[in-house]
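One letter stands for each residue in the lines below.
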Amino acid sequence: MKRTLFILSVAALAFVGCNKENGKDQVKPLDATLEFKDATLELVYGEPVTVEATAVTEATIEKVVLKAVKKSGETYEAVGEDQAYEPKGLEIAAEFFADSQEMTDVELTLISGKQQKSFYLPATVTGEPKGTAWINDAVVLYADNKVAHNVNDNVTYPVENTGAGSDTKSFFSMHGVKVGDKVEHILSLNELLQVDGQNASMCWVNCLEKTDAQPKEDGSMTYIGSQRGYMFSSCLAKSLGGGTTGRQCDIANYSGHQIKDENIDYDFSFVVVNGSWIGEKFDENKFKLVDRIWLSAGESAETNLEQIKTFWALKKIQEELDNSKLGVEENPTSLGGKTYLRRWTNAGQTAGSAPTEGFRAGDYIIIRSERKEEVSGEAEPVSKYYYGIVQVLQMPDDSGLFTMKSAKGEWMVMDIESAYELFMKPSYFAVKTQCEILK
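The structure contained in this document is the topic of the report that follows. It should be emphasised that the depicted structure is a prediction, and the values quoted were computed from it without experimental measurement. (Residues numbered from 1 in each chain as written. Predicted model: local features only at pLDDT ≥ 70, side-chain atom pairs only at ≥ 80, totals over all residues. Heavy atoms only, no water.)

### Some details on the sheet that holds strand 18 (residues 267-273)
Link 1 in the chain: Spatially, five strands are ordered 13-26-23-22-18 in an open sheet, and the strand pairing comes out antiparallel. Each of the sheet's edge strands pairs with one partner strand only, and the pair in question is strand 13 (132-142) and strand 18. Neighbour-to-neighbour, the strand axes of the sheet open up by a mean angle of 20°, direction not taken into account.
Link 2 in the chain: The pairing of strand 22 (residues 364-373) with strand 23 (residues 382-394) spans ten bridges and is antiparallel. Of the residues in strand 23, the one forming a bridge with glutamate 370 is tyrosine 385. (Pairing = 2+ DSSP bridges. Helix = DSSP H or I, 4+ residues; strand = E, 2+ residues; numbered from the N terminus. Axes fitted to C-alpha atoms, helices over the stretch in contact; angles between N-to-C directions.)

### Regarding the pairing of strand 16 (residues 202-207)
The side chains of a regular strand alternate between both faces of the sheet.
Link 1 in the chain: Taking burial as the measure, the six residues of strand 16 include six buried ones, the bulk of the element.
Link 2 in the chain: The alternating pattern of strand 16 places Met202, Trp204 and Asn206 and Cys203, Val205 and Cys207 on opposite faces, both of which are buried.
Link 3 in the chain: The sheet contact formed by strand 14 (residues 169-179) and strand 16 spans two bridges and is antiparallel. Each bridged residue has a counterpart across the sheet, and for phenylalanine 172 the counterpart in strand 16 is methionine 202. (Buried < 20%, exposed > 50% of the residue type's maximum accessible area, 1.4 Å probe, protein only.)

### Describing the environment of alanine 133
Link 1 in the chain: Counting through the fold element by element, alanine 133 comes out in strand 13.
Link 2 in the chain: Assessed through its relative accessible area of 6%, alanine 133 is described here as buried.
Link 3 in the chain: Between the C-alpha atoms of alanine 133 and methionine 174, which are 41 residues apart in sequence, the distance is 9.4 Å.

### Examining the environment of cysteine 435
Link 1 in the chain: Take cysteine 435: it is sitting in strand 26 (residues 426-435).
Link 2 in the chain: Among all residues touching cysteine 435, those that are not within four sequence positions of it are Gly131, Thr132, Ala133, Trp134, Met174, His175, His185, Phe311 and Tyr386. (Contact = heavy atoms within 4.5 Å.)

### Observations concerning empty space enclosed by the protein
Link 1 in the chain: Evaluated as defined, the whole model comprises one cavity of 30 Å³ or more.
Link 2 in the chain: For the largest cavity, the full set of lining residues is Val139, Leu141, Phe172, Ile186, Met202, Phe232, Val390, Phe429 and Val431.
Link 3 in the chain: Residue assignment for the lining of the largest cavity shows that the elements contributing at least two residues are strand 13 and strand 26.
Link 4 in the chain: Grouping the constituent residues of the lining of the largest cavity by class yields nine nonpolar, no polar and no charged. (1 Å grid on protein atoms, 1.4 Å probe; cavity = no way out; pocket = protein on both sides within 12 Å on 5 of 7 lines; lining within 4 Å. Points joined across faces, edges and corners; volume = space filled by probe spheres on them. Nonpolar A, V, L, I, M, F, W, Y, C, P; charged D, E, K, R; others polar.)

### Concerning the layout of surface pockets
Link 1 in the chain: Roughly 500 Å³ of internal volume is contained in the largest pocket.
Link 2 in the chain: Every residue lining the largest pocket is counted, 18 residues in all, and those nearest its centre are Val272, Asn274, Lys338, Leu341 and Gly358.
Link 3 in the chain: For the lining of the largest pocket, the secondary-structure elements that each account for two or more residues are strand 18, strand 19 (340-342) and strand 21 (356-357).
Link 4 in the chain: Ranked by residues supplied to the lining of the largest pocket, first place goes to strand 18 with four residues.
Link 5 in the chain: Of the residues in the lining of the largest pocket, the class split is seven nonpolar, five polar and six charged.
Link 6 in the chain: Of all the secondary structure elements, the ones that give two or more residues to the lining of the second largest pocket are strand 13, strand 14 and strand 15 (182-188).
Link 7 in the chain: The dominant element in the lining of the second largest pocket, judged by the number of residues it contributes, is strand 13, at six residues.
Link 8 in the chain: Taken together, the residues that form the lining of the second largest pocket break down as eight nonpolar, six polar and five charged.

### Quick notes on the environment of leucine 193
Link 1 in the chain: Mapped onto the fold, leucine 193 is located in helix 2 (residues 189-194).
Link 2 in the chain: On the accessibility criterion, leucine 193 (7% relative accessible area) is buried.
Link 3 in the chain: Separated by 28 residues in sequence, leucine 193 and glycine 165 have C-alpha atoms that sit 8.8 Å apart.
Link 4 in the chain: If sequence neighbours within four positions are ignored, leucine 193 has contacts with Tyr254, His257, Gln258 and Ile259.

### Overview of helix 4 (residues 284-296)
Link 1 in the chain: Here helix 4 is 13 residues long and its end C-alpha atoms lie 18 Å apart, about the 18 Å a rise of 1.5 Å per residue gives.
Link 2 in the chain: Taken as a whole, helix 4 has its buried residues at Phe287, Leu289, Val290, Ile293 and Trp294. Along helix 4, the residues classed as buried sweep out an arc of 160° about the axis, all on the same side. Turned more than 90 degrees away from the buried face of helix 4 sit Asn285, Arg292 and Leu295, all of them exposed.
Link 3 in the chain: Those residues of helix 4 that are buried lie in contact with strand 18, helix 5 (304-321), strand 22, strand 23 and strand 26.
Link 4 in the chain: Of the residues one or two after helix 4, glycine 298 is the one with positive phi, at around 85°. (Expected span 1.5 Å × (residues − 1). Arc of directions from axis to C-beta.)

### Details of the sheet that holds strand 4 (residues 32-36)
Link 1 in the chain: Here three strands make up an open sheet; going across it, the order is 4-6-10 and the pairing antiparallel. Where the open sheet ends on each side, the last strands, each with one partner, are strand 4 and strand 10 (91-97). In this sheet, adjacent strand axes meet at a mean angle of 35° when their direction is disregarded.
Link 2 in the chain: One ladder, built from five bridges, connects strand 4 with strand 6 (residues 48-57); its direction is antiparallel. Within strand 6, the residue paired with glutamate 35 across the bridge is threonine 54.

### Quick word on the nonpolar core
Link 1 in the chain: Formed by 35 residues in total, the largest nonpolar core has its most connected members in Trp204 and Phe232.
Link 2 in the chain: For tryptophan 204, the residues in contact, after removing those within four places along its chain, are Leu141, Tyr142, Ala143, Asp144, Ser170, Tyr230, Met231, Phe232, Phe359, Met395, Ser427 and Phe429.
Link 3 in the chain: Core analysis: the next-biggest nonpolar cluster, separate from the first, contains 25 residues, Leu30, Leu34, Tyr85 and Ala94 among them. (Core = buried A, V, L, I, M, F, W, Y, C linked by side-chain atoms within 4.5 Å.)

### Comments concerning the state of the cysteines
Formally, a disulfide is one covalent bond, and it connects the sulfur atom of one cysteine to the sulfur atom of another.
Link 1 in the chain: By the definition in use, this model includes zero disulfides.
Link 2 in the chain: Sulfur of cysteine 207: no disulfide; nearest cysteine sulfur belongs to cysteine 203 and is 12 Å away.
Link 3 in the chain: On the accessibility criterion, cysteine 207 (0% relative accessible area) is buried.
Link 4 in the chain: Here cysteine 249 stays unpaired: no disulfide links it, and the sulfur of cysteine 203, its closest cysteine neighbor, is 8.7 Å away. (Disulfide = S-S within 2.5 Å.)

### Here's the deal with the packing of aromatic side chains
Link 1 in the chain: Using the criterion set out here, one finds 17 aromatic pairs in the structure.
Link 2 in the chain: Considering the side-chain rings of phenylalanine 232 and phenylalanine 270, the 6.2 Å spacing of their centres and the 40° angle between planes classify their relative orientation as tilted. One end of the pair, phenylalanine 232, is in strand 17 (residues 229-234); the other, phenylalanine 270, is in strand 18, and 38 residues separate them in sequence. The pair formed by phenylalanine 232 and phenylalanine 270 is uniform in burial state, with each residue classed as buried.
Link 3 in the chain: Site record: aromatic cluster; members linked through ring pairs are Trp204, Tyr230, Phe232, Phe268, Phe270, Phe359 and Phe429.
Link 4 in the chain: Seen from the ring of tryptophan 312, lysine 315 lies directly overhead, with NZ or CZ sitting 4.7 Å from the centre.
Link 5 in the chain: In this structure, lysine 432 packs its charged tip against the face of tryptophan 294, placed 4.4 Å from the ring centre. (Phe/Tyr/Trp six-rings, centres within 6.5 Å; stacked < 30°, edge-to-face > 60°. Lys NZ or Arg CZ within 6 Å of the ring centre and 35° of its normal.)

In C-alpha cells, the structure reads:
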C-alpha cells in the first residue's frame, strides 16, 4: 500500500512538473478566435484609439492586454508597453495609446487564467512626440531667507556682483532644468545660476522685506508695507523684484551669473481653483472638472506610456478651460492667469483693506506655459501651450500671526516678527504637468 501511494505521489509531481518551466507555471494556449472590427488602424503617435473586436470562446476572458509590436518575417517584436483592459463578456472596446513610432501592428492578447492567445491588427503611425510629463506627489518648497550679496550686505561682500548664493529649494521649473545628467524640476538659486535661470517658472516666497537695500544706520530693515506672507511668484524680474514681492536678491548678479528674463519660462502664469471653503465664490463645476483631470492624469509618469497618458489627460485643461487658445470662436473659454498668487492679500500694516485668503490646503492651482515654436510655412513662431496642476497639500500654520493692528483700519495684520518664522519651513505640494521636450 505504501509503495502504491509513493508511486502515485511521484506521478502527481511529474504531472505538475510537466506544466512548469523553471518553477513557473507555463502558459497554455487558449481555444479562441477573434474578429477585429477594422481591418487596419491609422494611429497618431501619443493619441488614443478604441480597438474593437469580438472574441469567440467557451472560456471566460479575464483580461485583455494590448501592445505595440513590430513584425519581422513571421515574428513580432514588442516595441511598446503593456496596456491592460478588463472586458465585459466577449465584446471588446479597449483604449489603446500609440506609444511607438516603429510599430506595425497592435497585439491583442486574450487571457483566461493560465491560458492565453494573441491576435494581430495591422497599424500605421504618424505624428511626432508632443511633449513629456512629470508627476511628483511629494514636492517640498522652502521660502528662502534673504540671500546676502553686495547690494544688500556690502560689509560682508564689498566686491560688486558677489554674494552667498543659496542651496534652498524654493524654485520650480515646469519644463525642467538639466543639472548635470539629470532633469530637475525643484531647484535652488545656485542651480538656476549655473544656467542663468534657464526654464525657471516660479518661486515660493515669504513676502516681508526688500532684499536689495542695505540695513539702515540703526540696523533696521526696510519692510514691505501692504503685503506679507507666502506667495508664488513667476521668475520675471518685475515679479521677483517687485516692491510687494521682495526677492530682488534672487535676480542679482552672482559672479557673472544671473536669472535673466530672456532665459526663464517667460510666459508662465497661474490660476487658483479654490475648494468649497471660499463660500459664494466656489465654482463647483470648475473644481470638479479639475479634480477629474487630476485623477485621470495618473500617479506616475516614469515610463514613456505613463508620460503619454498624463500629457493627454492634462490636455483637457486647454480643451475645457482655455479653448480660446485652440481657436474656438463660439463661446470660447479663457483661463486667464497671473504672474503671482498670494496666500494672503493685504496682510501688511499699510494695506488699504482687510486681509483676504487666497488659497489653502486642498486647493488646486492650474499652471500654464506658452512656448514659441518655428513651424514650416509660418512666417512667425507659433504659440504652443503646456498645462499642469499643482495641488496644495500642507503649509505652515500662519493663522496665529495676525496680531498687529493695521495702520489703515480696525483689522489685524500679520505681525512682522512672527512673519520671520515662515522662512525656511517646508511647504508641501503635489504636481502633475505637461513638459516641453528638452533639446
